[in-house]
Amino acid sequence: MIEWVLKKIFGTRNLREIKKLKVIVEKINEVEKEYQSLSEDAIRGKTGEFKARYLEGESLDDIMIEAYAVLKNACRRLVGTKFKVTENEFEWDMIPYDVQVLGGIFMFRGGITEMATGEGKTLVATLPLYLNAIAGKGGHLVTVNDYLAKRDSEWMKLLFNYLGLTVGCIQNYMSPNERRFQYNCDVTYGTNSEFGFDYLRDMGMASTKEDMVQREHAFAIVDEVDSILIDEARTPLIISGPVSVSTHRYDKLKPLLERLYKKQNTLCTQLIADAEKLLAKEDSSNDDFDDAILILFKVLIGMPKHKRLMRLLRDTEIRKALEKKESFIRSDNNRGLFQRVKETLYFSIDEKSSDVDLTEQGRKVMQPSDPDAFVIPDIGTEIAKIENDKSLSEKDKTDARTKIQAEFEEKSETIHNIDQLLKAYCLFQKDFHYVVQENKVMIVDEFTGRLMPGRRYSDGLHQALEAKENVEIEKETQTLASITIQNYFRMYDKLSGMTGTAETEATEFKDIYDADLLVVPTNEPCIRDEQPDRIFRTKREKYIAIIEEITSRHEKGQPVLVGTASVDVSEIISRMLRIAKIPHSVLNAKNHQKEAEIVAKAGQRGALTIATNMAGRGTDIKLGPGIEEMGGLHVIGSERHDARRIDRQLSGRCSRQGEAGSSRFYISLEDDLMRLFGSDRITSIMDKFGGLEEGEDISFGILSRSIQTAQKRVEQQNYSIRKRTLQFDDVMNKHREVIYGMRGDTLKTDEPREYLFDLVYQGIDNKLELFPPEGGSRNNFNKADFKNWLNQTFPLSISDEELEYEKPFDREALVNKLVNKVEDAYIIKEKYENSDELRWLEQHIILNAIDKLYQEHLYSMDSLRSGIQLRAYAQKDPLLEYKQEAYFLFGNLMDTIFDEILSNLFRSATNIESMRQMLGSLNLNLEHETIDEIEQFDNAQTESEQPEQPQQKKIKPVKRQQPKIGRNDPCPCGSGKKFKKCCGK
């Protein structure tokens, strides 16, 4: 009540923000009116003037009003100009409305604007893009597909070129040279995946500075920001390569899994028959009814989409009783009961959490001849037993350890394969989650309905689907580089976005991206007729009602757009329309090549278009002559989506810019949303209408609100999943920043030797900590072990006397002394090297060490991530456990990278002869190395295949308790300088 009163007095935050921005819009309009009297050359020359003022110290905020006025004036002068976009001729007819300018101001400040479909977001984006381009760092406009990137770049190019700016566009097929050219433009359009993958290739795979294509990440506008930053946030961008040896057993396990699946189906069919008998008894008692409901609960967790179960659940009394029984059995007080119920099945399915659990009965079916097949050995305990067994020789111990490790890996892999096959059969539907085309399993984007070529489900799930669908099982892959969409876009200095539906996700935008949201009012009032939902008991009744409404409107010539949530539903409706002999167009993941063209024509007389809910997003539907008089475009939703904003996007396809239009959604109690997240309230309301005849529906306001509540539940669950994903990836992101920072510094430096010896300094300094004396501290070290390491790593022949020091111990002086000795030896080595190739060699000594070891680290982190959730069974927080183990893994990675770089400093050469001459000149040998071993190097790329390193004395490692400050890291004093140039001097 208090909040309501405050809003009445002071208005909402959104209204207050709009009121402040309107003042700035008025100033822009005043300046633009003055500019109308300027010559064309004067207007076009303003861009150069703004750039000069920026270089002289003015901020972009200082220039904003004039810059926006210039762009608006340029739009005015271009009216009537003909130009081509995607081979079609257009005439420029756009001058920004006040609400568009208002949205442009908010986006320039790093905010997200919600603007209704048809309000001209493409033009709005040019305002902040133009202003940020003045700084000379480039701006990125991120879209959802290649077509929109190409269309929008060609569309707005006329405006940007008029004002002296260059426009680039990244397309999937482009070569690195083409991409580099496009990124060097003032404004660059492209898709989120292209920008992200280019970053991964630049920072994780480029071998020279010339291979890199991107510039800075200064400013980005994300179009359809909710789709990219919310919907796709759970899907990381991954560059992977095939593993050398494939270990999966999907093809061998598939027959066993299919037998298991058939047994479960047969069991559930029998259970339903038993329940039906109890329910049909004439003298049925309360106990009989309760027993029947318990049996149906078993089917619910065993085969939740069983057709006979769906039919029984049309009875609201049974549905309500089953919901009550489920709540009782799943409660914390009845965990034992839930486990006993599960064990009567072969496996249990939890659709809400997308989980499948094999029971003891199921294990016996999968591995009937091996009762211990699912008992994974405890490696730690078993190895301890082997080590303590004095009757075993060292060889026997080695063999026993190898056997235990092999058994562990084989059983773990088999269990994992079975788990993924179960998910493929029980949770993933063909033509909903994926389609099969050209003998390949292709993922369907759950939000857009578009195919995602080149994308694969991770963790072996994609191979399980390939086995299920009898297509070629592609080789396992290993991650070479990866980043989440969230962390990629958080790298930008300033990030903004725009969409037609973001208000429901405002909290997430603020929490994850620190971006405020503004709902911008429409230029013309929206007069869409949003008709009440029609709710049916069954999908069959719902589809019949949809066809009836389509037929009625089609006979009048009114255009209709039918939005579906899956390929399967779009094809069902299409078949029904063909039977009714009604012509129509279908747009789904199997027919998406002409998406924009099909959607653009959806507003013509008699047009009937069936499309997945988000298809054609970004393409305006223009009404044909006389359509407004019929009521405009009518949108039909075949079901409510999990996310409310997807429904809003669908209904927003009509009534753009004040045009007429209407929308209505059709729902059945068999829809997944209603089955999984529908509340007791929905069942209770439906119970009151239990006497509904076949085909009767309910349109009731309170029921619609209950459906929105169900959608909120799904949104909250998905937000929790995305947030958890980000928390885990934030750990990996810190590792990525350090590794890519080292790679970037290596590639970009003009003096690789200076950077190489910075790493030599850091590596030697690190080693001092790892060779402490007994009970020692940072102010001392074990001279014997440290000397042994030095002489194994460098051709120095360090003596004990050279490691003596005066008290107090001057650590830095000792490290500098040793680095100088290494540099002296390196100067001798340099005399015999090919000077033209030496710079390349110095870079690749660092790059090869990073790349080889970081890939191994990614594999270790993937393994850690896939198994860490099991720690929850031990009452431990998986995230905390993950952070702790990742910390030590990363510490080991960095130590190993330094070891590799330092070891290869004198074990790499531009040619074999230079290596021979260097060793002869120094009159030294690297301990345990021979010229024969050196000749194993590849003459062209000696550093890429290093000989096995000498066996070093075993020394108990010391774990660093605090992160080490590298010489090239920012100085912790806050000066902004590198540590080596500041406090680390």
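One structure accompanies this document, and this report is about it.

Criteria and thresholds
Residues numbered from 1 in each chain as written. Predicted model: local features only at pLDDT ≥ 70, side-chain atom pairs only at ≥ 80, totals over all residues. Heavy atoms only, no water. Helix = DSSP H or I, 4+ residues; strand = E, 2+ residues; numbered from the N terminus. Buried < 20%, exposed > 50% of the residue type's maximum accessible area, 1.4 Å probe, protein only. Contact = heavy atoms within 4.5 Å. Areas by Shrake-Rupley, 256 points an atom, 1.4 Å probe, with all protein chains shown as cover. Core = buried A, V, L, I, M, F, W, Y, C linked by side-chain atoms within 4.5 Å. Axes fitted to C-alpha atoms, helices over the stretch in contact; angles between N-to-C directions. Parallel < 35°, antiparallel > 145°, perpendicular 65-115°, else oblique. Left-handed = near helix turned anticlockwise from the far one by under 90°. Nonpolar A, V, L, I, M, F, W, Y, C, P; charged D, E, K, R; others polar. Pairing = 2+ DSSP bridges. Salt bridge = Lys/Arg side-chain N within 4 Å of Asp/Glu carboxyl O. Expected span 1.5 Å × (residues − 1). Bend = angle between axes of the 7 residues up to and from the residue. Right-handed = clockwise from strand over helix to strand, strands pointing away. Phe/Tyr/Trp six-rings, centres within 6.5 Å; stacked < 30°, edge-to-face > 60°. Lys NZ or Arg CZ within 6 Å of the ring centre and 35° of its normal.

Looking at the overall build of the chain
Looking only at helices and strands, the chain features 38 helices and 22 strands. Counting every position in the chain, which comprises 985 residues, the buried fraction comes to 51%. Counting only contacts in the chain whose residues sit at least 6 apart along the sequence, the fraction spanning at least 24 positions is 74%. Taken as a whole, the chain presents about 46200 Å² of accessible surface, with 49% of it coming from carbon and sulfur.

Some points on the nonpolar core
Of all hydrophobic cores here, the largest spans 93 residues; its most connected members are L229, F489, I764, F786 and F794. The leading source of residues in this core is helix 35 (residues 835-867), at twelve residues. Discounting chain neighbours no more than four positions away, the residues touching F786 are I764, K767, L768, F771, F781, L803 and L818. A67, A149, L159 and Y162 belong to the second-largest nonpolar core, a separate cluster that totals 59 residues.

A look at the packing of helix 32 (residues 752-770) against helix 36 (residues 878-904)
Relative to each other, helix 32 and helix 36 sit at 120°, their axes nearing to 9 Å. Comparing the axis directions of helix 32 and helix 36 gives the class oblique. Judged by the sense of rotation from one axis to the other, the crossing of helix 32 with helix 36 is left-handed. Of the residues in helix 36, those in contact with L756, L759, V760, Q762, G763, I764, N766, K767 and L770 of helix 32 are D895, F898, D899, I901 and L902. In terms of residue class, the contact of helix 32 with helix 36 is built from eight nonpolar, three polar and three charged.

Some points on the side chain of Q486
Of note, Q486 is situated in helix 22 (residues 485-489). Residue class for Q486 comes out buried when judged on its relative accessible area of 0%. For Q486, the contacting residues outside a window of four places in its chain are A233, I512, Y513, R722 and L726.

Quick look at unusual backbone geometry
Positive phi, normally seen in glycine, also occurs at E87, with a value near 70°. Relative to the helices and strands, E87 resides in the loop between strand 1 (82-85) and strand 2 (88-91). On the accessibility criterion, E87 (66% relative accessible area) is exposed.

Some remarks on the sheet that holds strand 7 (residues 219-223)
As summarised here, the arrangement of the seven strands in space is 5-6-4-7-14-3-15, forming an open sheet in which the pairing is parallel. Two strands bound the open sheet, and with one partner strand each, they are strand 5 (167-169) and strand 15 (517-519). Adjacent strand axes in the sheet meet at a mean angle of 20° when their direction is disregarded. In this sheet, strand 7 lies alongside strand 4 (residues 139-143) in parallel orientation, the contact comprising four bridges. Across the sheet, G139 pairs through a bridge with F219, a residue of strand 7.

Observations concerning the environment of K352
Of note, K352 is situated in the loop between strand 9 (347-350) and strand 10 (355-358). A relative accessible area of 41% means that K352 is categorised as partly exposed. Sequence separation between K352 and D672 is 320 residues, and the spatial gap between their C-alpha atoms is 10.0 Å.

Let's talk about the pattern of salt bridges
For the structure on display, the rule yields 61 salt bridges. A salt bridge links E407 to K411, with the nearest nitrogen and oxygen atoms 3.2 Å apart. Here K411 and E407 lie together in helix 20 (residues 394-426), a separation of four residues that amounts to about one turn. Assessed through its relative accessible area of 15%, K411 is described here as buried. A salt bridge links E549 to R664, with the shortest nitrogen-to-oxygen separation between them at 3.8 Å. One end of the pair, E549, is in helix 24 (residues 539-556); the other, R664, is in strand 22 (residues 661-668), and 115 residues separate them in sequence. For E549, a relative accessible area of 11% translates into the label buried.

Let's talk about helix 5 (residues 60-78)
In this model, helix 5 (19 residues) spans 25 Å end to end at C-alpha, consistent with the 27 Å of a helix rising 1.5 Å per residue. The largest bend in helix 5 is about 35°, located at E66. Note on helix 5: the residue one or two positions beyond its end, G80, has a positive phi of about 95°.

Remarks on the pairing of strand 21 (residues 633-637)
With five of its five residues buried, strand 21 lies for the most part within the structure. The sheet contact formed by strand 18 (residues 560-564) and strand 21 spans four bridges and is parallel. Bridged to L561 within strand 21 is V635. For the segment spanning strand 21, helix 28 (residues 644-651) and strand 22, crossover handedness is right-handed.

A few points about the packing of aromatic side chains
Summed over the entire model, instances satisfying the criterion amount to 22 aromatic pairs. When the ring of F428 is compared with that of Y457, the centres are 5.3 Å apart and the planes differ by 70°; the resulting orientation is edge-to-face. Separated by 29 residues along the polypeptide, F428 in the loop between helix 20 and strand 11 (434-437) and Y457 in the loop between strand 12 (440-443) and helix 21 (461-468) bring together distant segments of the chain. The exposure class assigned to F428 is buried, which follows from its relative accessible area of 16%. Of the residues examined, Y457 reaches a relative accessible area of 22% and is grouped as partly exposed. Counting every residue linked through ring pairs, the aromatic cluster contains Y199, Y488, F489, Y492, Y740 and Y854. Lying over the aromatic face of Y162, R44 brings its terminal NZ or CZ to 4.6 Å of the ring centre. Seen from the ring of F108, K494 lies directly overhead, with NZ or CZ sitting 3.9 Å from the centre.

Just distances and angles here, no functional claims.
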